[in-house]
Amino acid sequence: MEFESILLDGVSAARPLVIAGPCSAETEEQVMTTARQLSRHGIKIFRAGIWKPRTKPGGFEGVGVSGLEWLKRVKNELGMYVSTEVATPTHVREALAADLDMLWIGARTAANPFAMQEIADALEGVDIPVLVKNPVNPDLELWIGAIERLYNAGVCRIAAIHRGFSSYEKNMYRNLPQWRIPIELRRRLPGLPIICDPSHMGGRRELIAPISQQAMDLNFDGLIVETHCNPDKAWSDAAQQVTPDVLDFILNTLVIRNVEQVTEGLEDLRRKIDELDNQLLTLLAKRMEISEEIGRYKKEKGMPILQSARYGEILNKRVYQAHAMGMSENFMKTVLEAIHEESVRHQMEIMK
Ligand code: PEP
Ligand code: MN
């Protein structure tokens, strides 16, 4: 797949691309006031949810089509680009009829291939940028599949929105970042712009700045930030919204690093990393050889492969040691589990 790098004419390609506006359009006045303040701070792309997917019935489910008229006013009076979330072919038709400039697909919709295909069919032959949020579950193939359906319908201005992933356990984040997933997305689809949504990821306004900085440090392309003229009174997602003034402050404090610049010193350090990786691989291969030898011994003596007590002893000892050496216990556990799994695989080959 090859994607257009410019989503909207006249919006600077310099990072970060910024999309801002309330979680939901609530009233004409709230929409116009928020948009006016954002526009004064130089924000060019406005977001507002018209149809809101709520987890439980009875919550505020959006103002519906009447809100499209307010977005039209933002576009005509302030010259901003306007965008909203679409979840059904009817939403798509209504948003296009209202002449919106950009659409986004929510995390619940992106997780549903039937819904994605219907939306893609409704967009066949329409030239409008579409942003695809990551599905609620951490499934990269599902995310790419959603993007592919749009691409196959002829949409070529596509970007991904990383908004984090649901988890059952309580956590400091509302949705876990799991950065390795968008990092892998970048490797798989290098030309696809990636926009971070620190609002839904953090779930709290204090987390917007640090998460945005992390996204910039990973060289992601933009930010979509929920912004409201009176955040505490918002009808949805109040805890994670900021005023346009606070957003402007956050954007001004971001450090944008220049990734193209590879200095001499960095190349030297990278060579050292390569050398260490070589050593790690050589050591791992040696360890596998010993493990195979153990496998042959176990086979001869009729012993089972899995020796839980020994495995437990290795885990405990090394996890403790890793901690003392400044590495996280979780990290060491993951590494050892992967090594152990590979050893067991080698020994099973021998037992056959
Ligand atoms: C939103 O952007 O307001 C929204 C509902 O987000 P998500 O689909 O990421 O939950
Ligand atoms: Mn929201």
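Residues numbered from 1 in each chain as written. Chains lettered and ligands numbered in written order. Predicted model: local features only at pLDDT ≥ 70, side-chain atom pairs only at ≥ 80, totals over all residues. Heavy atoms only, no water.

Focus: the pattern of salt bridges
1) Next: Applying the stated rule across the entire model yields 22 salt bridges.
2) Next: For glutamate 184, the salt bridge identified is with arginine 187, shortest N-O distance 2.8 Å. Taken together, the residues glutamate 184 and arginine 187, both in helix α7 (residues 180-188) and three residues apart, mark about one turn of the helix.
3) Next: For glutamate 184, a relative accessible area of 25% puts it in the partly exposed group.
4) Next: The partner of glutamate 349 in a salt bridge is lysine 352, with the nearest N and O atoms 3.5 Å apart.
5) Next: We classify glutamate 349 as partly exposed; its relative accessible area is 46%.
6) Next: Through salt bridges with shared partners, a single network forms among Glu28, Arg73 and Glu77. (Salt bridge = Lys/Arg side-chain N within 4 Å of Asp/Glu carboxyl O. Helix = DSSP H or I, 4+ residues; strand = E, 2+ residues; numbered from the N terminus. Buried < 20%, exposed > 50% of the residue type's maximum accessible area, 1.4 Å probe, protein only.)

What to know about the sheet that holds strand β6 (residues 158-162)
1) Next: The strand order around the closed barrel formed by eight strands is β1-β2-β3-β4-β5-β6-β7-β8, and the pairing between neighbours is parallel. Taken over all neighbouring pairs, the strand axes of this sheet differ in orientation by 25° on average, direction set aside.
2) Next: Bridge count for strand β3 (residues 81-85) against strand β4 (residues 102-105) is three bridges, and the pairing is parallel. Along β4, the bridge assignment pairs glutamate 85 with tryptophan 104. (Pairing = 2+ DSSP bridges. Axes fitted to C-alpha atoms, helices over the stretch in contact; angles between N-to-C directions.)

A closer look at the site of ligand 1
1) Next: In the region of ligand 1, the neighbouring residues are Cys23, Arg47, Lys52, Glu85, Trp104, Gly106, Ala107, Arg108, Lys133, Arg163, His200 and Glu226.
2) Next: Between lysine 52 and ligand 1, the recorded distance is 2.8 Å, taken from a side-chain N or O atom to an oxygen atom.
3) Next: With respect to ligand 1, the backbone of alanine 107 contributes an N or O atom lying 2.8 Å from an oxygen atom.
4) Next: With the chains in place, 98% of the 300 Å² that ligand 1 exposes on its own is no longer accessible.
5) Next: By residue class, the composition of the shell around ligand 1 is three nonpolar, two polar and seven charged. (Near = heavy atom within 4 Å. Polar contact = N/O pair within 3.5 Å; in protein donor to acceptor, adjacent residues only side chain to side chain. Areas by Shrake-Rupley, 256 points an atom, 1.4 Å probe, with all protein chains shown as cover. Nonpolar A, V, L, I, M, F, W, Y, C, P; charged D, E, K, R; others polar.)

Structural notes on helix α11 (residues 264-301)
1) Next: End to end, α11 covers 56 Å across 38 residues, agreeing with the expected 56 Å (1.5 Å per residue, within 8%).
2) Next: Among the residues of α11, Met288, Ser291, Gly295 and Lys298 are the ones counted as buried.
3) Next: Buried residues in α11 make contact with α13 (329-351).
4) Next: Immediately beyond the C-terminal end of α11, within one or two residues, lies glycine 302, with a positive phi of roughly 65°. (Expected span 1.5 Å × (residues − 1). Contact = heavy atoms within 4.5 Å.)

A look at the side chain of threonine 109
1) Next: Relative to the assigned elements, threonine 109 resides in helix α4 (residues 107-110).
2) Next: Look at threonine 109 and you get buried, because its relative accessible area is 9%.
3) Next: Other than its neighbours up to four places away in sequence, threonine 109 contacts Glu85, Ala87, Ala115, Met116 and Ile119.

Some remarks on the packing of helix α1 (residues 28-40) against helix α2 (residues 66-78)
1) Next: Direction vectors running N to C along α1 and α2 enclose 30°, while the axes themselves pass 10 Å from each other. Note on packing geometry: the crossing formed by α1 with α2 is right-handed. Here Glu28, Val31, Met32, Ala35, Arg36 and Ser39 of α1 lie close against α2, whose contacting residues are Trp70, Arg73, Val74, Glu77 and Leu78.
2) Next: Broken down by class, the residue content of the contact of α1 with α2 amounts to six nonpolar, one polar and four charged. (Left-handed = near helix turned anticlockwise from the far one by under 90°.)

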